[in-house]
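# Remarks on the overall topology
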Amino acid sequence: MADPDTTETTSKDGFSLLSLFRRPEAGAAAGFILIFVFFSYFGWEKNFLTPLGSSTWLNFASKVGIIAIPVGFLMIAGELDISVGAMIPAGGIVLAMSVGLYEMNIWVGVIISLAICAGFGFINGMLVTRTNVPSLIVTLATLFVIAGLNAYVSKQLAGTTQHSLADVGVVSEFIMGDYHSLILGDGDSKFTIFRSLQSSFFIWLIFAIVCGYILHVSPWGNWIFAMGGDQESARNAGIPTNRLKIALFMLSAMAAGLVGMTEAVLANTASTTTQFGMIFNSIICVVVGGVLLTGGFGTVTGTVFGTLTFGIVFQGINFTTFDKDLNMLFIGVLLLVAVLMNDSFRNWATSASTSKKK
Amino acid sequence: MSSNTPVLEMRNVDKSFGPIDVLHDISLKVNEGEVLCLLGDNGAGKSTLIKTLSGVHQPTRGEMLMDGKPVSFNRPKDAQDMGIATVHQFGGTYPLMSVGRNFFAGAEPTKGFGPFRIFDRQKANKIAVEQVQKFGITRITDGDRLVGGLSGGERQSLAIARAVYFGARVLILDEPTAALGVKQAAHVLRIVNEAKRRGLAVIFITHQVMHAMAVGDHFAVLIRGAIAADFRKGDKSREEIADLMAGGESMADLEASIGV
Ligand SMILES: Nc1ncnc2c1ncn2[C@@H]1O[C@H](COP(=O)(O)OP(=O)(O)O)[C@@H](O)[C@H]1O
Ligand SMILES: [Mg+2]
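Residues numbered from 1 in each chain as written. Chains lettered and ligands numbered in written order. Predicted model: local features only at pLDDT ≥ 70, side-chain atom pairs only at ≥ 80, totals over all residues. Heavy atoms only, no water.

Attention now goes to the interface of chain B and chain A. Taken residue by residue, the interface counts 32 residues in chain B and 35 residues in chain A. Contact between chain B and chain A buries roughly 2700 Å² in total, counting both sides, with carbon and sulfur atoms accounting for 54%. The interface formed by chain B and chain A includes zero salt bridges. Run the count over chain B and chain A and you get seven residue pairs in polar contact (both at pLDDT 80 or more). Looking at the side of chain B that touches chain A, the elements with two or more residues in it are α2 (76-81), β8 (118-119) and α5 (152-165) of chain B. In terms of residue count, the dominant contributor to the side of chain B that touches chain A is α2 of chain B (three residues). Partitioning the side of chain B that touches chain A into residue classes produces 13 nonpolar, nine polar and 10 charged. (Contact = heavy atoms within 4.5 Å. Buried area = accessible area lost by both parts, 1.4 Å probe. Salt bridge = Lys/Arg side-chain N within 4 Å of Asp/Glu carboxyl O. Polar contact = N/O pair within 3.5 Å; in protein donor to acceptor, adjacent residues only side chain to side chain. Helix = DSSP H or I, 4+ residues; strand = E, 2+ residues; numbered from the N terminus. Nonpolar A, V, L, I, M, F, W, Y, C, P; charged D, E, K, R; others polar.)

Residues and elements named next belong to chain B. Pairing in this open sheet of six strands is mixed, and the strands run β6-β9-β10-β3-β11-β12 from one edge to the other. A strand with exactly one partner marks an edge of an open sheet, and here the two such strands are β6 (84-87) and β12 (226-232). With strand direction ignored, the average angle separating the axes of adjacent strands in the sheet is 15°. Here five bridges tie strand β9 (residues 170-174) to strand β10 (residues 201-206), and the two strands are oriented parallel to one another. Bridge assignment links Leu-173 to a residue of β10, and that residue is Phe-204. Most of the contacts of helix α1 (residues 46-53) go to strand β3 (residues 34-40), to which it runs at about 140°, and overall it touches β3, β6, β9, β10 and β11 (218-223). (Pairing = 2+ DSSP bridges. Axes fitted to C-alpha atoms, helices over the stretch in contact; angles between N-to-C directions.)

Residues and elements named next belong to chain B. Pairing of strand β1 (residues 8-17) with strand β2 (residues 20-30), which is carried by seven bridges, proceeds in the antiparallel orientation. What sits directly across from Phe-17, in β2, is Ile-20. Connecting the antiparallel pair β1 and β2 is a turn made up of two residues, with Gly-18 showing a positive phi of about 60°.

Moving on: the confidence of the model for chain A. Mean pLDDT for chain A: 88, with 91% of residues reaching 70 or above. Low pLDDT, under 50, characterises residues 354-358 of chain A; the predicted model gives this stretch nine contacts beyond four residues in sequence or across chains. (pLDDT = per-residue confidence, 0-100.)

If you want it as structure tokens, here you go:
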């Protein structure tokens, strides 16, 4: 029987630690603030903090961010998806070909593109759930399969790997790929809220809210955590783990395709070039955001903070007098610190507090 | 329903995996409010037996009855739907989720409508804490607490409380005390007694004769896939049971053979 006074102390001294550690997004947020202050100081001269300066890294972050959230879901569920590197160009070229080559309405093109990406995601999910091959290997294989298809199909259908996508209407440009500014007042009293933010930034914002709702508020979030925590128990508890996992692979594929589409609409061009960098970038954002590599834990807010931090470090270096080559080094250190913090969080959270009693 | 009808019964069940015979002619029954202890050495077939009872495996021959009616489980879900809950060591809990989320994993209480149904955290936490406290785990007072911070016994107890709350009639516990210290094991045994008091039929698998003696009403010893002994509480002494578990050799023989 637990005696009352030890119970007291555990709950009391556990509390200050608890409120801090229980929310690893707090760690990700603290990291973000630290990096933000650092670059605001060293980038002051070169306008890092101005609306236009901020847009540089926010626009960059938004594209990684849209992919990082569902990749984070998968990591929480105990899986990885690296095929996103080929899914980004797939999304872009399917849209460009639908509109340019087959003269479809842009929204029809968007739906076709999303459907094709969803199909690839479904294949990823089926392969992972039906075989017991780790998702790292499955999606590594599909990464190359899709990359190959991108180039081959492009050349067969359009005779090129570089597609152009003409402006296709004000509304679709506005939603999919344009620059947005919000400036209040004019003349001397004018105040800039934001300037030259791309559509993808707003898509990221909305997507983060929807995904945050799914993971933390809706009952499905509980299923994702349970699946990553102990797949066997989750299945025994009646959670449809296979279907859920397939859905998550479809989500990450569609998110990557969407990023490819926003890039294509913004730049009026789509290329089949596989974006290997985005594979690493999305995983870094997720880990810096406090999602455990071993699964079972993570937050959307944390991932968003992780992405913002990553965006600042990656782009912010241009605003400082530091050598540009140092950004890789910064990111490496950032990742190491984040992994160590996540690891100590896990050890702390899974070590029985009763050990204090003895 | 007559109280004499066993809740769950196996009649002449054989189980083989291809050419390997694992269970031979197993007949067992367990009644409401009774603990059946399944004893046996490593590899005797205990896990195979309970996997058959919980729908993971299907018997090769023989039949299973629930409330006297023949049943067959094609999937673990079928057994669960009939009220058979199996708790494995540390199974059924997720260390990095809160007590409330753990308790309701897969059966989340919600509020709101349609696509806006949200996980009712407060309700989940309240019920979870209430239920585990009813099982005597008074140290859990905060439903937001991560389960990874609980002791092994508490986690086991949480899983049992969960099974009972969701209407289990038969509780199968596969070596729930195996990796636990004395205090923690006592905790789990108390909960087994509480489940029994509430009228559940419990099948309790263990290596430790002491643990079996503490809660068992009925004992079955499995040796190389067959029931070697089946007796009620008080019919045999602790030494006799230990001998049976050692595979029929008496403890004295064993001691002699290792030259103590
Ligand atoms: N799926 C299977 N296929 C083949 N043999 C099995 C299988 N499962 C268990 N066995 C065999 O059945 C025997 C009993 O195993 P088990 O039920 O796990 O014993 P216990 O739980 O009593 O230690 C062992 O010899 C084991 O190798
Ligand atoms: Mg076993």
